[in-house]
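Chain residues, written in single-letter form:
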Amino acid sequence: MSIKKLVEKASRGDLRSFEELVVLYQDRVFSHCFRLTANSDDAQDLAQEVFIQAFRAIKTFRHEADLGTWLHRITVNSWINWQRRNKKLLIFSLDDPVNTPDGEVIRELAAGEASPLEAVEQQELSAAVRAALDRLAPEYRTVLVLREMEGYSYEEIAQILDCSLGTVKSRISRGRRDIKKEIVKLRCEWDDM
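Below is a short write-up of the structure. Here the structure is a predicted model, which is why all the values come from computation and not from measurement.

1. Section: the packing of helix α2 (residues 15–37) against helix α3 (residues 40–57)
Next, step 1: Here α2 crosses α3 at 140°, and the two axes come no closer than 8 Å. For the element pair α2 / α3, the angle class is oblique. Helix-helix and strand crossings are classified by hand; for α2 and α3 the assignment is right-handed. Here α2 contributes L15, F18, V22, Y25, Q26, V29, F30, C33, F34 and T37 to the contact with α3, which in turn contributes S40, D42, A43, Q44, L46, A47, V50, F51, A54 and F55.
Next, step 2: Of the residues that constitute the contact of α2 with α3, the class distribution is 15 nonpolar, four polar and one charged.

In structure tokens:
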């Protein structure tokens, strides 16, 4: 059955059709939630909230955009609201294992031609980028995650966030500027340790 038919049936209250939509989109939504929250448990909670909100609002879906784009818009808005409610700083360490439904997974660098020094430098840079990203205002973090990690175009981001293309470009520009400043600050802080 097509996505459009599933949405039409779900909007009339057909739970099985909505369940099929959840199955089709759950990995994408969870992945996006994980990139925003940097924590598996929080990502699961946020993804659940996204699907609850989607279920409540499925009648308003007008097929003007892709269902995935609509779900991403709900995800971003839910995350922003979640951030406001929780007001907590998320700290992410590349040394900490990732909690998955199958247990803990240790982060490892891909084997390659990099020297041990280059590998450590790359790990430090990744940690600095993640920490800097966590320090950004939600509107800048959101556009950077959508653009740089999720690979969305500026137009798609504008659709997801329901804002103008100019706003997206401005936020990406400011976000990139701010993340550079934060990385420099973090590196200086770490060098002083």
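2. Topic: the nonpolar core
Next, step 1: Core analysis: the largest hydrophobic core is formed by 46 residues, its most contacted members being L21, V29, L67, W70, L71 and I157.
Next, step 2: Among the secondary structure elements, those contributing two or more residues to this core are α1 (3–11), α2, α3, α4 (67–86), α5 (116–135), α6 (138–149), α7 (154–161) and α8 (165–192).
Next, step 3: Looking at this core, the element that brings in the most residues is α4, giving eight residues.
Next, step 4: Dropping the residues within four chain positions of it, L21 is found in contact with I3, L6, V7, A10, I58 and L67.

3. Thoughts on the packing of aromatic side chains
Next, step 1: If you walk through the whole model with that rule in mind, you get three aromatic pairs.
Next, step 2: With a centroid separation of 5.1 Å and 70° between ring planes, the pair formed by F18 and F55 is classed as edge-to-face. Taken together, the residues span a long stretch of sequence, with F18 in helix α2 and F55 in helix α3 at a distance of 37 residues.
Next, step 3: F18 gets classed as buried once you look at its relative accessible area, which sits at 11%.
Next, step 4: With a centroid separation of 5.1 Å and 55° between ring planes, the pair formed by F61 and W70 is classed as tilted.
Next, step 5: The buried category is assigned to W70, whose relative accessible area is 12%.

Reading the values: the criteria
- Residues numbered from 1 in each chain as written.
- Predicted model: local features only at pLDDT ≥ 70, side-chain atom pairs only at ≥ 80, totals over all residues.
- Heavy atoms only, no water.
- Axes fitted to C-alpha atoms, helices over the stretch in contact; angles between N-to-C directions.
- Helix = DSSP H or I, 4+ residues; strand = E, 2+ residues; numbered from the N terminus.
- Parallel < 35°, antiparallel > 145°, perpendicular 65-115°, else oblique.
- Left-handed = near helix turned anticlockwise from the far one by under 90°.
- Contact = heavy atoms within 4.5 Å.
- Nonpolar A, V, L, I, M, F, W, Y, C, P; charged D, E, K, R; others polar.
- Core = buried A, V, L, I, M, F, W, Y, C linked by side-chain atoms within 4.5 Å.
- Buried < 20%, exposed > 50% of the residue type's maximum accessible area, 1.4 Å probe, protein only.
- Phe/Tyr/Trp six-rings, centres within 6.5 Å; stacked < 30°, edge-to-face > 60°.

None of the figures reported here should be taken as evidence of function without further support.
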